[in-house]
Amino acid sequence: MTLNRRTLLKLAGLAPAAHLIGVQVAEADDRAFRHALTLFADIKYPAGFAHFDYVNPDAPKAGRVRFGLVGSFDSLNPYSFKGAPAGAVLNDALLTPSLDEPSTEYGLVASSVWHPEDRSMVVFRLRPEARFHDGAPITPEDVIWSMQALRDAHPQYNAYYKNISRAEQTGEHEVTFTFSIAGNRELPLITGQLPVLPKHWWTGKDVQGRQRDINATTLETPLGSGAYVATDVKPGASILMKRVPDYWGKDLAVNLGQNNFDEIEYIYFRDANVAFEAFKGGQYDWRTEGSSKMWATGYDFPTVQAGKVVKEEITLNQVNGMQSWAMNIRRPKFQDVRVRQALNHAFDFEWANQNLFYGQYIRSRSYFNNSEMEARGLPSAAELALLEPLKDKLPPDVFTTEYKNPLNDTPQARRRNMRRAATLLDAAGWKVSPEGGKSVLKNAQGESLAIEFLLDSPLFERVALPYKQQLELLGISVTVKTVDSAQYERRTQTFDYDIMVGSWGQSLSPGNEQREYWGSEAAKRDGSRNYVGIANPAIDALIEKLIFASDRESLVNACRALDRALMWNHYVVPMWFIPYQRTARWDRFGRPDTLPSLSTGFPDIWWWDAERARKVDAS
C-alpha cells in the first residue's frame, strides 16, 4: 500500500460542501467510530494511548539536521504533474501510519474514522483544533476540495483515488467518502492518506495579485499545516524548513517524541560524487548509501576512523520489491517475449556482483523478494484456483516450473547463456547480418536491433557498460545515455525510452498501487508507474484478486500468483536487492534504544544530542 504522485478529467460526483452541511449518513447512530484503521490484524495501540512505543516522549527539541540530495527542483508545489518539485512535506493527512505495524493508520487531522463492514464508504470526523499555519481551521470543505484538486492536478492521484465516487460533508466536522465498489479492503486506508490542502489559499491570489493554480509550478511557499514550514528557499539549491512552535498537532499521541529538530535543511547537488565529497566535508549529516562500491571503499576517510561519522547497516522488516532493467514493451522490438528473455540471459549478474558490487547483493527473483509473498516452488492449490481460469492468457511455465534467473557462475555457464540468448533472438526473427565488418541483428524488414539505456545517474553506467558489451556480442547496437534529472523525469513520464532502471517498492500488504504498477489502464496514462507498458488481462484479473482479498492468507496467495505471472512474462531483467539499509551519519544525534521495525525513523524520531555534537565539532 503506497502512494506516489494531472488529469484533464474532473472528479465525477464530488459535490460542493456548501449545501451539504447537516446531511446525515443512514443509520448514523449505529456507527462505531475508531481512532485507527488496519488491514486484517489487530490495532496495536488502543484508544487513548500515550505515544508510540518506539519514540522518546522526552526527546529534546533543538538543533538542525541536513540532507544532501542529487538533482534540482523548480517548484514548491508537490501536487502538480508539472515541473520538478521539491520533496518537502507541508500538509498533514487525515491519518498517519505507525512505524512498527504494517498497514495501520491512526487519526491525525481526523480524530476518528468509521466504515461499514463491506467498506462501501468511509467517514472521517475532523479534529476541531486542526489548523493551517495561518490559523484558519481545517474544515470538511478543505478535505473535499483537496480530493478533487489533487485528482485534477496529477494522474497518479486520479488513479489512486479512482474508486471514490462521491465526497460530502455529513456533519459540522464530518466528511463521508462513498466508493464506486464495495469490498476493497484498502480504500478506507488510502483515503486516509489524503493530504488536506487549504482551499482558501489555493483558490486565492498571491502577493502580486496573481491567481494561484494547483496545476502549475510555483516557488511561492504553499500554506501548510504540518510540523514544519519552508522559510528559506534558494531555487534549485536548498530549502530550509523550520519547526512550527505552535503547531496544532504537537501534543497528539501520534506526534509525541517526533519532529524534534528545530530546522531541517535539504541541500541539492548536481553530481553524486560531489554530494559524497560534501558529506565527507560535513556539509550535511545523513546518507542512505545506494552504491555498493562506495559502501565498500569510500568510507575510509579520517572522520569515520575517528568515530565522528557512524557507518551502520540497519535491518528492517521490509519487502524488497523489484529493481530491474525495465523494457518498454510499447515499442515493437520488445513485444516478443523471446527478445525480453534473451536480454536476461545476456545479463551477467554474478560477474557484476563480484567485480562491481563487492558481493553485497542478492539477485532479485521476485516482485516481492524476501517475504512470504514471494512465489517459490510450484503453485499451491490455492494459487492454482486463481491461475487456472486464466490459463489461456498465461505462459505455460507458470504452472509447471519454478522461476529461476539464468546463472553465470562459471565460464561455461556464461557461454551457454549467451548461446541461449542468440537462439532466442534468432527464433524471434532477428537474424545475424554482416555490416561494416561486424555482425548485426536485423529483422525481416531490414531494421537493426538497437537499444538505448536511459539513465539519470552516472552510478549505473558502470553496470550498463559491461552489459552493453555482452549485448553487442549478440549483434545488438547499444547506446547508454545519461541525462539530467529534469529531462529524465520528462522522458519517463511520457514513456520515451527503450530501457530504464525500473524500481517498484512493495509493502507488507500490497494493494491498489499494483494497478498503477502493472494495470492496463496505467499503461496508457502518462505519468503512471507502469514503466513497462503491461496491458495483460490476466495480470489485471490477478491484481483485482489481490485488492479484494478478504484475509491475509488470500492476500498472500494472490501475491504469489501475480508474482508468477509477472516473472514468467519476462517483462524486466531483474537486478538485485539487499535486506538492510546502508546508512552513514555524522554522530550528532540521539535515537530511541529500539528503532521501529519498518523504518530507520530518521529524522522523525531522532533528536539533536548536544554533547555528541560538541565532541564531533570540537576539532
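Throughout this document, residue positions are counted from 1 along each chain, in the order its sequence is written. Residue-level local features of this predicted model are given only where pLDDT is at least 70; pairs of side-chain atoms are given and counted only at 80 or more, and the full residue set underlies all totals for whole chains, interfaces and linings. Hydrogens and water molecules were not included; the side-chain quantities draw on all heavy atoms of the structure.

S.K.: Help me understand the nonpolar core, please; the structure alone is not making it clear to me.
M.R.: In summary, soluble globular proteins display a tendency toward joint burial of nonpolar side chains. Judged by nonpolar contacts, the single largest core of 86 residues is most densely connected at W325, L343, I476 and W518. Runs of H or I in DSSP of at least four residues are treated as helices and runs of E of at least two as strands, each being numbered from the N terminus. Here this core takes ten residues from helix α18 (residues 552-568), the largest share from any one element. In terms of nonpolar packing, the next biggest core, distinct from the first, is built from 77 residues, Y160, F177, I264 and F602 among them. By convention a nonpolar core is built from buried Ala, Val, Leu, Ile, Met, Phe, Trp, Tyr and Cys residues, the set being connected through side-chain atoms within 4.5 Å. Burial classes: relative accessible area under 20% of the type maximum marks a residue as buried, over 50% as exposed, and values in between as partly exposed (1.4 Å probe, protein chains only).

S.K.: What exactly am I supposed to notice about α18 here?
M.R.: At 3.6 residues per turn, the α-helix brings residues three or four places apart onto the same side. One less than the number of residues in a helix, times 1.5 Å, gives the span that helix is expected to have. With 17 residues, α18 should cover 24 Å at 1.5 Å per step; its first-to-last C-alpha distance of 25 Å lies within 8% of that length. Among the 17 residues of α18, 13 are classified as buried, and the element is accordingly described as predominantly covered. Downstream of α18 by one or two residues, H570 has phi in the positive range, about 50 degrees.

S.K.: Just to check I follow, could you spell out the sheet that holds strand β8 (residues 174-179) for this structure?
M.R.: By way of backbone hydrogen bonds, the strands of a sheet pair with one another, either parallel or antiparallel. Paired strands are those between which DSSP finds at least two bridges. Strand order in the open sheet formed by four strands is β5-β6-β8-β7, and the pairing between neighbours is antiparallel. Lying at the two open borders of the sheet, with one neighbouring strand each, are β5 (110-114) and β7 (164-171). Averaged over all neighbouring strand pairs, the angle between strand axes comes to 20 degrees, with direction disregarded. Inspection of the sheet shows β5 paired to strand β6 (residues 121-126) by four bridges, in the antiparallel sense. The axes used here are C-alpha line fits, helices contributing only the stretch in contact, and every angle between their N-to-C directions lies in the interval 0 to 180 degrees.

S.K.: What should I look at first to understand the sheet that holds strand β18 (residues 450-455) in this one?
M.R.: In space, the five strands of this open sheet follow the order β19-β18-β20-β14-β21, with mixed pairing throughout. With partners counted over all chains shown, the strands left at the sheet margins are β19 (477-482) and β21 (572-574), one partner each. Between one strand axis and the next, the sheet turns through 35 degrees on average, direction left out of account. Pairing between strand β14 (residues 322-327) and strand β20 (residues 499-504): six bridges, direction antiparallel. Bridge pairing in β20 places W325 opposite V501.

S.K.: How should the pattern of salt bridges be read in this particular structure?
M.R.: Any two side chains of opposite charge can pair, given that their charged atoms come close. Here, a salt bridge means any side-chain nitrogen of Lys or Arg that lies within 4 Å of a carboxyl oxygen of Asp or Glu. Inspection of the entire model under this criterion finds 43 salt bridges. As a salt-bridge pair, E263 and K242 come within 3.8 Å of each other at their nearest N and O atoms. Residue E263 is located in strand β11 (residues 263-269), and its partner K242 is located in strand β10 (residues 238-243); the two are separated by 21 residues in the primary sequence. Overall, E263 belongs to the buried group, its relative accessible area being 17%. Residues R243 and D262 are paired through a salt bridge, measuring 2.4 Å at the closest nitrogen-oxygen approach.

S.K.: Would you take a moment to explain the packing of helix α8 (residues 337-345) against helix α12 (residues 411-427) for this structure?
M.R.: The description of two packed helices rests on the angle between their axes and on the distance between the axes. Contact geometry for α8 and α12: axes closest at 8 Å, N-to-C directions at 165 degrees. Considered as vectors, α8 and α12 are oriented roughly antiparallel to each other. The element α8 and its partner α12 pack so that their crossing is left-handed. Contact with α8, carried on its side by R338, V339, Q341, A342 and H345, involves N417, R420, A421, L424, L425 and A427 of α12 and no other residues of that element. Charged residues are taken to be Asp, Glu, Lys and Arg, nonpolar residues to be Ala, Val, Leu, Ile, Met, Phe, Trp, Tyr, Cys and Pro, and polar residues to be all remaining types, Gly included. In the contact of α8 with α12, the residues fall into six nonpolar, three polar and two charged. In this scheme, roughly parallel covers angles under 35 degrees and roughly antiparallel covers those over 145, while 65 to 115 is roughly perpendicular and the rest are oblique. Throughout, a crossing is termed right-handed when the near helix is turned clockwise from the far one, and left-handed when it is turned anticlockwise from it by less than a right angle. Here, two residues are considered to be in contact whenever any of their heavy atoms come within 4.5 Å of each other.

S.K.: Sorry if this is basic, but what is going on with the environment of Q470 here?
M.R.: As for its position among the elements, Q470 is in helix α13 (residues 461-473). In this structure the C-alpha to C-alpha distance between Q470 and D348, which are 122 residues apart in sequence, comes to 8.4 Å. Ignoring any residue separated from it by four or fewer positions in sequence, one finds Q470 in contact with A346 and M418.

S.K.: Hey, could you run me through the pairing of strand β16 (residues 431-435) in this one?
M.R.: Side-chain positions along a regular strand alternate between the two faces of the sheet. Bridge count between β16 and strand β17 (residues 438-442): five bridges; the pairing is antiparallel. The residue bridging V432 from the neighbouring strand is L441, located in β17. Here β16 folds back onto β17, and the loop between the two strands holds two residues, one of which, G436, carries a positive phi near 60 degrees.

S.K.: Would you mind going over unusual backbone geometry with me for this structure?
M.R.: With the exception of glycine, most residues fall at negative phi, and the peptide bonds are largely trans. Each neighbour pair has its own omega, and for F602 with P603 the value is 5 degrees, a cis peptide bond. If you trace the backbone, P603 turns up in the loop between β24 (589-590) and β25 (607-608). Residues other than glycine seldom take positive phi values, yet R119 does so here, at roughly 50 degrees. Within the secondary structure layout, R119 lies in the loop between β5 and β6. Even without a glycine there, the phi angle at F495 is positive, about 60 degrees. Relative to the assigned elements, F495 resides in the loop between α14 (485-493) and β20.

S.K.: Explain the confidence of the model for the chain to me, please; I cannot follow it from the model alone.
M.R.: Detailed reading of the predicted coordinates is not advisable wherever pLDDT falls low. Overall, the predicted model of the chain reaches an average pLDDT of 93, with 95% of residues at or above 70. pLDDT: the predictor's confidence for each residue, scored from 0 to 100. pLDDT under 50 marks residues 2-28. Its contacts with residues more than four places away, or in other chains, come to 70 contacts.

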